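In case you want the letters, here they are:
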Amino acid sequence: MAAGAGEGPAALPAQPLELKSQFRTREGSYRLLGPESRPRAGPAAAPGPSPPAAGPGPAAAAAVPGPAALPPVRLSMVRLALPPAEEPGGPAERSRVCFNLGRELYFYGGACSGGRGSRRSLDLHKPIDKRIYKGTQPTCHDFNQFTAAADTIALLVGFSAGQVQYLDLVKKDTSKLFNEERLIDKTKVTFVKWLPETERLFLASHASGHLYLYDAEQPCGASAPQYNLLTQGEGFSVFACKSKTPRNPLLKWAVGEGALNEFAFSPDGRSLACVSQDGCLRVFHFDSMLLQGMMKSYFGGLLCVCWSPDGRYVVTGGEDDLVTVWSFAEGRVVARGHGHKSWVNAVAFDPFTGAAQTPQPPELSGGEEEDEPPDPLIRHSPAVTYRFGSAGQDTQFCLWDLTEDVLYPRPPLSRTRTLTGSGDASVPMPGLPRSLSNSLPQPAGMGSARGPPPDVPPALSVGRFATLTLQERKGPSGAEKEHKRYHSLGNISRSGEKPPGGAGSRGRLDTAKVLGTALCPRIHEVPLLEPLVCKKIAHERLTVLLFLEDCIVTACQEGLICTWARPGKAGLSSQNGGSPSGTVV
């Protein structure tokens, strides 16, 4: 494990490795904006008085925990178009950023001018607002991009005590608290997300392994909800709330075993990918609540998940220190990436770099990487089909390229079994177990060698969520004990566990039985990617990775936000004041 991989400041080595301020890829050099000096760890006070927010819980303890004990730092961003500017070159877009650290939420702003050559900037130096909570800590948050406008910016905030708060950054007197008495779920909220293109519906996942569908306009009720079973399948159950009048939660899902760590909607809003502490990726057709596909980590829990921009691939990261690429269309693992030395906390696709990106010769740099000559093999690499990134507890940031030779391997010239695992395309991979009786039919065909992947299901109609309030979900209670950090192997079943197959079972998959199958291929059975870039960029574990059109944004557990200008964007103004390289909030 790398030095300082997710540990507190006291565990850092006496002579920490130098942090990188730039890195080079085939399209050029990415540079950390501003000077190389970094602010010291520790929250900086926001300007002006800021009274404690109406927090869900009792008074907070006086002791302030260190970075390692705090909930993961997360960053949410929303962009809203402004009315046409009266003056040419005036701002055409405004951004808002939410960032949590300990008991505090910070809000930042920014704007960009119109036109194709416009430069965007985020002011990450001076918060425009701050909220402090008592007795609980924000763990996750999400803006509603669909409704965001000059007169309303809706934000959801999940808390360590299990509540979910609705805020409006414009209408500051608008605030609602869901699960206020913790009658729905007593465990921490691990992730919140608005349903795509909806004004009122949102999902919240918990450390109990439960996922709840809420309507922001409905109450939660004065008593604990009772549920009716709607459907169940391999490792999941869906329940509807029994009530004569509409109330939250509308649906409750019980997914896998242990915490449901993160989930993500496909770009068309049709499918939902969930990753859990039991090490499983499960992809559901959201409206029908049926399982479409499944994958198991090499070991340990899965912590993060992301869809490719076209919805054909899902990338996960977790406690096996690997990134795993899973094909939604083919229902199989197509590649793994090995470059991190500890858990992978964040993964994200770069929608601005890929097959359409024209490679450029590397820029000449006068920075610290001048002694690292460009790799001559870069110019002869296969066309990049997808670019994605990962950030880990080892404080390292990695970039990965998914190329055509990995996604569409050539058929072997002979019937001899190869050891590379890069694909015998003539032998179809086994599909999901037949016990997944409730799963939807897999998209047909494995595809010919080097041919395009099968088409994914078409997007739903505009009214795809219109009947959601008539359905409802989730299942058994019983929170799983959160396992300790770095204890990667502790949550894997070995013997005496019930194997998959029982309908509605939330039992763990027996790793020994699924290893070597389509659910979890062995290391040599699929291509093993090497990172295009792997750089140490922080002293604390990385928790945030965001790709924007002109920059990459990263953040670590000590509250340091860094903006990396893309090639040709080095003149971008970060508006970070005296510390343009980043800011501690």
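This is a predicted model, so every value here is computed, not measured. (Residues numbered from 1 in each chain as written. Predicted model: local features only at pLDDT ≥ 70, side-chain atom pairs only at ≥ 80, totals over all residues. Heavy atoms only, no water.)

Within the protein chain, the secondary structure is distributed over two helices and 34 strands. Among the 585 residues that make up the protein chain, the fraction classed as buried is 55%. Relative to all contacts within the protein chain whose residues are 6 or more apart in sequence, the contacts with residues 24 or more apart total 64%. If you sum the accessible surface of the protein chain, you get close to 24900 Å²; carbon and sulfur atoms cover 54% of it. (Helix = DSSP H or I, 4+ residues; strand = E, 2+ residues; numbered from the N terminus. Buried < 20%, exposed > 50% of the residue type's maximum accessible area, 1.4 Å probe, protein only. Contact = heavy atoms within 4.5 Å. Areas by Shrake-Rupley, 256 points an atom, 1.4 Å probe, with all protein chains shown as cover.)

Each strand in a sheet pairs with another by means of backbone hydrogen bonds, the pair being arranged parallel or else antiparallel. The strand order across the open sheet formed by four strands is β18-β19-β20-β21, and the pairing between neighbours is antiparallel. Single-partner strands in this sheet number two, and they are β18 (260-265) and β21 (290-296). Neighbour-to-neighbour, the strand axes of the sheet open up by a mean angle of 20°, direction not taken into account. The sheet contact formed by strand β20 (residues 280-285) and β21 spans six bridges and is antiparallel. In the sheet register, V283 faces β21, and the bridge partner there is G293. (Pairing = 2+ DSSP bridges. Axes fitted to C-alpha atoms, helices over the stretch in contact; angles between N-to-C directions.)

So, on to the side chain of S266. Of note, S266 is situated in the loop between β18 and β19 (271-276). Among the polar contacts made by the side chain of S266, one reaches the main-chain amide nitrogen of R270 at a distance of 3.3 Å. (Polar contact = N/O pair within 3.5 Å; in protein donor to acceptor, adjacent residues only side chain to side chain.)

This part takes up the nonpolar core. Inside soluble globular proteins, nonpolar side chains tend to come together where they are buried. Judged by nonpolar contacts, the single largest core of 28 residues is most densely connected at L203, W253, F263 and L272. The set of elements that each furnish at least two residues to this core consists of β13 (201-206), β14 (210-215), β16 (236-242), β17 (251-255), β18, β19, β20 and β21. The contacts of L272, once residues within four sequence positions are left out, are L203, L211, F263, A264, F265, R282, V283, F284 and F286. In terms of nonpolar packing, the next biggest core, distinct from the first, is built from 20 residues, V323, Y386, F388 and W400 among them. (Core = buried A, V, L, I, M, F, W, Y, C linked by side-chain atoms within 4.5 Å.)

The subject of this paragraph is the confidence of the model for the protein chain. Overall, the prediction assigns the protein chain a mean pLDDT of 74, with 63% of residues at 70 or greater. Confidence drops under pLDDT 50 across residues 414-505; counting only partners more than four residues distant or on other chains, this segment forms 225 contacts. (pLDDT = per-residue confidence, 0-100.)

Let us now look at the environment of Q557. Following the sequence through the fold, Q557 ends up in the loop between β32 (551-556) and β33 (560-565). Each C-alpha atom, one on Q557 and one on V544, is 8.9 Å from the other, the two residues being 13 residues apart in sequence. In terms of polar contacts, Q557 uses its side chain to reach the backbone amide nitrogen of V73, at 3.0 Å.

Bringing the pattern of salt bridges into the picture now. Going through the model one piece at a time under the given rule, you end up with 11 salt bridges. Of the charged contacts, one joins R387 and E27 as a salt bridge, the two residues approaching to 2.8 Å between their closest N and O atoms. Residue R387 is located in strand β27 (residues 384-392), and its partner E27 is located in the loop between β1 (22-25) and β2 (28-32); the two are separated by 360 residues in the primary sequence. The exposure classification of R387 matches that of E27, with both residues buried. The partner of R282 in a salt bridge is D278, with the nearest N and O atoms 3.1 Å apart. Given a relative accessible area of 1%, R282 falls into the buried group. Through salt bridges with shared partners, a single ionic network connects R26, E27, R387 and D401. (Salt bridge = Lys/Arg side-chain N within 4 Å of Asp/Glu carboxyl O.)

Attention now moves to the sheet that holds strand β12 (residues 189-194). One open sheet holds the six strands; their spatial order is β12-β13-β14-β17-β16-β15, and the pairing between them is antiparallel. Pairing within the sheet leaves two strands with one partner each, and these edge strands are β12 and β15 (226-233). Within this sheet the neighbouring strands show an average axis-to-axis angle of 20°, counted without direction. Summarising the sheet, β16 and β17 pair through five bridges and their orientation is antiparallel. Bridge pairing in β17 links F236 to V255.

Tallied over the entire structure, the rule returns 21 aromatic pairs. The interplanar angle of 70° and the centroid separation of 5.2 Å between the aromatic rings of Y313 and Y386 together place this pair among those described as edge-to-face. Residue Y313 is located in strand β23 (residues 313-318), and its partner Y386 is located in strand β27; the two are separated by 73 residues in the primary sequence. Across this residue pair, the class does not change: Y313 and Y386 are buried. Pairing W326 with F328 gives two aromatic rings, centres 6.4 Å apart and planes at 50°, and the pair type is tilted. Taken together, the aromatic side chains of Y166, F178, W194, F202, Y212 and Y214 make up a single cluster linked through ring pairs. Of note, K176 hangs over the ring of Y166, and the distance from its end group to the ring centre comes to 5.8 Å. (Phe/Tyr/Trp six-rings, centres within 6.5 Å; stacked < 30°, edge-to-face > 60°. Lys NZ or Arg CZ within 6 Å of the ring centre and 35° of its normal.)

A few words on the pairing of β33. The element β33 is largely enclosed, with a buried count of six among its six residues. Direction of pairing for β2 relative to β33: antiparallel, over a ladder of two bridges. Counted as the bridge partner of L32 is W564 from β33. Here β32 runs beside β33; their pairing, made up of five bridges, is antiparallel. Looking at β33, one finds that T554 is bridged to C562. Between β32 and β33, which follow one another and run antiparallel, lie three residues, and G559 among them has a positive phi close to 95°.

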